[in-house]
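# Per-entry structural report
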Amino acid sequence: LSVELKELNGNKVVVGRNPCQHAGDVRVFDAVSNAELERRVGFNLIVFSTKPDPKTGQSVADKMSGGDYDGDLYLVVWERQI
């Protein structure tokens, strides 16, 4: 399946990480395309902020089953009708 980034831009995506231990390990984000990253790296890339949430002190990755930024694999799902 091939999808143009511009098709995802501004749409909701569901992101999860294995192992998914409870419902809070799956998050919903707004997809944003970045032409420079697409040109340099290609399509198969997801970028999270490394800044911790001021309320919890956790990063986005940490909130999903204690993930980190060392190459974890994530599942990204999008469906316009959801």
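Structure first, text after, so check above.
Residues numbered from 1 in each chain as written. Predicted model: local features only at pLDDT ≥ 70, side-chain atom pairs only at ≥ 80, totals over all residues. Heavy atoms only, no water.

Strand order in the open sheet made by the three strands is β2-β1-β3, with antiparallel pairing throughout. Both edges of this open sheet fall to β2 (27-30) and β3 (74-77), since each of them pairs with a single strand only. With strand direction ignored, the average angle separating the axes of adjacent strands in the sheet is 30°. (Pairing = 2+ DSSP bridges. Helix = DSSP H or I, 4+ residues; strand = E, 2+ residues; numbered from the N terminus. Axes fitted to C-alpha atoms, helices over the stretch in contact; angles between N-to-C directions.)

With that out of the way, let us pick up the pairing of strand β1 (residues 12-17). Both β1 and β2 contribute to a ladder of four bridges, which runs antiparallel. Considered in β2, the bridge of valine 15 is made with arginine 27. Sheet analysis places β1 next to β3, joined by four bridges and oriented antiparallel. Within the sheet, the bridge partner assigned to arginine 17 lies in β3 and is tyrosine 74.

Without other data, these values stay purely geometric and don't point to any function.
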